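# Per-entry structural report
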Amino acid sequence: MIVHLIDGTYELFRHFYGQRSWNKGKDKPFGAVAGVLHSVLEMIETGATHVGVATDHVIESFRNELWPDYKTGEGIDPVLWAQFLPLEDALKAMGVAIWPMVELEADDGLASAAHLAAADSRVEKVCIWANDKDLAQCVRGDRVVQIIRKGMVIRNAEAVRAKFGVAPELIPDYLALVGDSQDGYPGIPGIGPSTAASLLNRHGPIESFPDSVLGAQRERALLFKNLATLRTDAPLFADVDEIEWRGPSASFAEWPKRMADERIQARVDKAVAARSAT
């Protein structure tokens, strides 16, 4: 059994701006939603059986209370923003396990799902389809891997170390030191990627650093590590069989017309037939 976990928020952005590059600003109201559904169907058509999607039901999370400059939903294109909730409804109707995150972020949802799936001995591999650097902390050997959409790069533990200079378990410490501009925290002044990797490989996690290494910046580094540490305790499912795709519900019938994409119904029907034949 191979489990596929998808960052639905990233996929929605990817399809929205991908379509913008050729539709000359004439956005379909649910064009990005349809794009995400087609991407999920492509996985199912190529053999994926167990699929889950995590989304940011709201952009803000508990991290905004810890750091005032943490990322928010400010500046999101209104046409894109209007597709967040329909994406969740459409995926659910198509029969895909969907986890809309509120207090936590989509990345926490993916980390929690990976943790739950990896605990099942029947699971051969967990593939996390997401680009965010912080998800590298979830990688475990060759069994839990991150797939970077851009270039379709597969990162196992060895690849994470080659990319960042540290083991996956130290990614939160690494990001705390170098910062993450996408998430809105700056890291520690004077510490770049090479220095961060060197310090972590020499001393271990930030908590083990001698006091002289970070000095007055120690508490801030620990705060940033808290921001970078993904939560793995969201109770998303009790059994991995819950995320097996078994086809759409009756409510999906309205979605092809609503999305102005009639092709998708035939594609779903074909996937259902193929699944029934196996």
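Everything below is about the structure shown above.
Structural notes, computed from the coordinates. It should be emphasised that the depicted structure is a prediction, and the values quoted were computed from it without experimental measurement.

### Focus: unusual backbone geometry
- Within the chain, Met 152 stands out as a residue other than glycine whose phi angle is a positive 50°.
- We classify Met 152 as partly exposed; its relative accessible area is 44%.
- The phi dihedral of Ala 260 is positive, around 55°, even though this residue is not glycine.
- The residue Ala 260 is located in the loop between helix H12 (255–258) and helix H13 (263–277) in this model.

### A word on the packing of helix H2 (residues 31–45) against helix H5 (residues 84–93)
- One way to put it is that H2 packs onto H5 with a least axis distance of 9 Å and a crossing angle of 35°. The crossing of H2 and H5 is right-handed. Of the residues in H5, those in contact with Val 33, Val 36, Leu 37 and Val 40 of H2 are Pro 86, Leu 87, Ala 90 and Leu 91.
- When grouped by side-chain class, the residues that make up the contact of H2 with H5 number eight nonpolar, no polar and no charged.

### Concerning the environment of Ile 171
- Structurally, Ile 171 is set in helix H8 (residues 171–178).
- On the basis of relative accessibility, which here comes to 1%, the residue Ile 171 falls in the buried class.
- Residues Ile 171 and Ala 136 lie 35 residues apart in sequence; the distance between their C-alpha atoms is 6.7 Å.
- If sequence neighbours within four positions are ignored, Ile 171 has contacts with Lys 133, Asp 134, Ala 136, Gln 137, Val 160, Phe 164 and Val 166.

Conventions we followed
Residues numbered from 1 in each chain as written. Predicted model: local features only at pLDDT ≥ 70, side-chain atom pairs only at ≥ 80, totals over all residues. Heavy atoms only, no water. Buried < 20%, exposed > 50% of the residue type's maximum accessible area, 1.4 Å probe, protein only. Helix = DSSP H or I, 4+ residues; strand = E, 2+ residues; numbered from the N terminus. Axes fitted to C-alpha atoms, helices over the stretch in contact; angles between N-to-C directions. Left-handed = near helix turned anticlockwise from the far one by under 90°. Contact = heavy atoms within 4.5 Å. Nonpolar A, V, L, I, M, F, W, Y, C, P; charged D, E, K, R; others polar.

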